[in-house]
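What the coordinates show
Below, each chain spelled out in residue letters.
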Amino acid sequence: MQGFLLGLANGTTCLTFCAPVLVPFLLEEGKNVRQNLMTVLKFLGGRLGGYMLFGLLAWATGSLLLRTTSYQGLVIGAAYVGLSALLLVAVLRKKAPAGACAFEGARATFSRWPALIPLGMGFLAGLKVCPPLLLAFTDAASTGTLIGSLFVFLMFFVGTSIYFIPLSFLGAFAHVSDLRIVGKFAAVIVALYYLFSGVLLFTGGVRL
Amino acid sequence: MTASTKTRTGSPPMAIWKALLLSLPMFLITALLPLQALESGELSYIVAILVMWLGFNVAFILMLTTGQTYRYRSVLFILLAVALPLWFIPMMIETHGSMMLSEEAFVSAEANFCPLATFMVIVPALVKRIVIFPSALAGGLGFATAAFMWAGSTLALGRGWCSWGCLFGGWDELFSRLRKRAVIKNIDRRWIYLPFGLLLAIVLLSAVTLSPIYCEWLCPFKIVTEFQAPTSLLAIIQIITFVVLFFALVVVLPLLTRRRIQCGLFCPFGALQSLLNKINIFEVRIDPEKCNQCKRCIRECPTFSLNEGSLESGNPLITCTKCARCIDICTKNAISFHIKGTSLQASPAVARVLYLYPGFVLLFFISSANVGAALHRIVKLITTGSMI
């Protein structure tokens, strides 16, 4: 129950952290409310996967993971680069330049299983460490059992997910075709930002 | 073409006595500034403010007597933009030793608040109750002053802010006017959505990072105001980005296209103003019956705010900055200022004057802090040999 309340209390922060990825993607897809709801659910499904991984790690490592400074650089950096790649794939898969061989494989895969994009985004977004997640991690680590740890994260996920549902209503503007172009531009900008941040985090930050 | 056969463009000219009479309210309102300057007792400052007051009012009278809005507005608007660094940089040198702010200065919120940052601070201010821009909350160039000025001018002019109130727009207006012919003529119209994409992305990312991402990474005007000292590789990358963006978006592309590229195809604050334009009563309208489809307005619009659809519907795109370029060049007088809720045939001359009043007042009072201060620095340079 504590995990649920924690999620409920901090859901807006989680939403703020995921919105830069999810909002441009939903706009760019230009789907209606029902289809958007499915996309949000897929995203949440991926996010649940990320949280369960955290639950597992909290049980396995206790609070050791949080004290490992290289974690932030490596895992979050990789998650950012992954998010960036997925956003770029989402935007470019429908209009890849002819002969973009390196891109062909990814395009074919994501065209066959389009659900992989929101799922993947959700999973990688779930790996981003935001302050409420750290609290949940500490809670989960203190339970001492695998089931207890997973349950804390499951309830935390449920508590935070409520805030994501209204994003489906962006589909109410699906008829405004201009918004799709705006979404595309926003997705590319967010992708470039995450790519840059991811590389910086991966290399451990650069200082003169 | 001889003067006698030349087709007249712009709004109808006005008799001098009528123009003087209509200028009187502006003359009196703006006189508050020189009256206030007299109290300072500093001769160079009083002279600077008097010159500015006189110059601006003459330009306003010329707008009315000639019927040309763009020409005179543009001169004043460019003056405003060019004036800013002329006083701001010496002021920075006086207070901080250089244009560069140290990390400590940012931490202690010593940066001057920029109105362009408003769109980034709204979401964190509403959700987290935090002002993420490193400036003071109140005071001369603080958040409250800028927010108040922005809210008032948005109400009065909508996106007209970008032609009358923006501190920086005059830079790319200047460079867009330097060449007679455009070198690059065909620009994919989808780029007009970039500012909106940028607005969305920056608002969302600023809420996550709790930092003004646009100011940190993308503002071309940092190099004519202030920026963080290059104490790290990241800061050096930031400065290089500012320089590249300034020369690309504000100098080179406006020169090559004769358009305001930064304002029309990049500025996210302009996109915000476009979205808020609905709350403002002034608009530009096209009379499809008068229009002869010469499409000169489409080719000349500095911010890509007109297309074929606009000529049919009678409405420019929401990105229209009400700069009056199209109104001034239309040989058929098919384009005019208009007050929402009135008929298209309702006197465009009245709508124009009513629009010019708030536009001019905003431009004058924003300029008063800039052009006046810049003139003051120039007078100081002439009399003492130093602007500092």
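Here we summarise the structure given alongside this text. (Residues numbered from 1 in each chain as written. Chains lettered and ligands numbered in written order. Predicted model: local features only at pLDDT ≥ 70, side-chain atom pairs only at ≥ 80, totals over all residues.)

Before going further, it helps to examine the overall build of chain B. Per the secondary structure count, chain B includes 18 helices and four strands. The C-alpha atoms of chain B give 21 Å as radius of gyration, which agrees with the globular expectation for 388 residues (21 Å, within 12%). Overall, chain B is about 65 × 50 × 40 Å in size when its C-alpha atoms are taken along their principal axes. By the burial criterion, 47% of the 388 residues in chain B qualify as buried. Long-range pairs, those at least 24 residues apart, make up 74% of the contacts in chain B with a sequence separation of at least 6. (Helix = DSSP H or I, 4+ residues; strand = E, 2+ residues; numbered from the N terminus. Rg over C-alpha atoms; globule rule 2.2 N^0.38 Å. Buried ≥ 20, exposed ≤ 12 C-beta atoms within 10 Å, placed from the backbone. Contact = placed C-beta atoms within 7 Å.)

A separate point is the overall build of chain A. The secondary structure content of chain A amounts to nine helices and zero strands. Each helix and strand of chain A, ordered N terminal to C terminal, gives the series α-α-α-α-α-α-α-α-α. Relative to its 208 residues, chain A shows a buried fraction of 43%. For chain A, long-range pairs separated by at least 24 residues make up 88% of all intrachain contacts whose partners lie at least 6 apart in sequence.

On to the environment of A:Gly49. Residue and element names in this part refer to chain A. Positionally, glycine 49 belongs in helix H2 (residues 33-61). Taking the C-alpha atoms as reference points, glycine 49 and leucine 8, 41 residues apart in sequence, are found 19 Å from one another. Glycine 49 has contacts with Phe123 and Gly126, leaving out every residue within four places of it along the chain.

Right, let's get into the packing of helix H2 (residues 32-40) of chain B against helix H3 (residues 43-66) of chain B. To characterise two packed helices, one gives the angle between the axes of the helices and the distance between these axes. Residues and elements named next belong to chain B. At a minimum axis distance of 9 Å, the contact between H2 and H3 shows a crossing angle of 170°. Classified by the angle between their axes, H2 and H3 sit roughly antiparallel to one another. For the pair H2 and H3, contact is made by Leu33, Pro34, Ala37, Leu38 and Ser40 and by Tyr45, Ile46, Ile49, Leu50 and Trp53, respectively. Its residues placed into classes, the contact of H2 with H3 shows nine nonpolar, one polar and no charged. (Axes fitted to C-alpha atoms, helices over the stretch in contact; angles between N-to-C directions. Parallel < 35°, antiparallel > 145°, perpendicular 65-115°, else oblique. Nonpolar A, V, L, I, M, F, W, Y, C, P; charged D, E, K, R; others polar.)

This paragraph deals with unusual backbone geometry. For residues besides glycine, phi is generally negative; the peptide bonds are generally trans as well. Residues and elements named next belong to chain B. Unusually for a residue other than glycine, glutamine 293 sits at a positive phi of about 60°. Among the secondary structure elements, glutamine 293 is positioned in the loop between strand E3 (282-286) and helix H15 (296-300). In this structure, asparagine 333 takes a positive phi of about 50° despite not being glycine. Mapping asparagine 333 onto the fold places it in the loop between helix H17 (325-329) and strand E4 (335-339). For asparagine 333, a count of 18 C-beta atoms within 10 Å translates into the label partly exposed.

It is worth spelling out the pairing of E3(B) at this point. Residue and element names in this part refer to chain B. Where burial is concerned, most of E3 is hidden: five out of the five residues are buried. Residues Phe282, Val284 and Ile286 line one face of E3 and the alternating positions Glu283 and Arg285 line the opposite face, and both faces are buried. Pairing of E3 with E4 involves five bridges; the strand directions are antiparallel. Directly across from arginine 285, in E4, lies its bridge partner serine 336. (Pairing = 2+ DSSP bridges.)

By themselves these figures say nothing about function.
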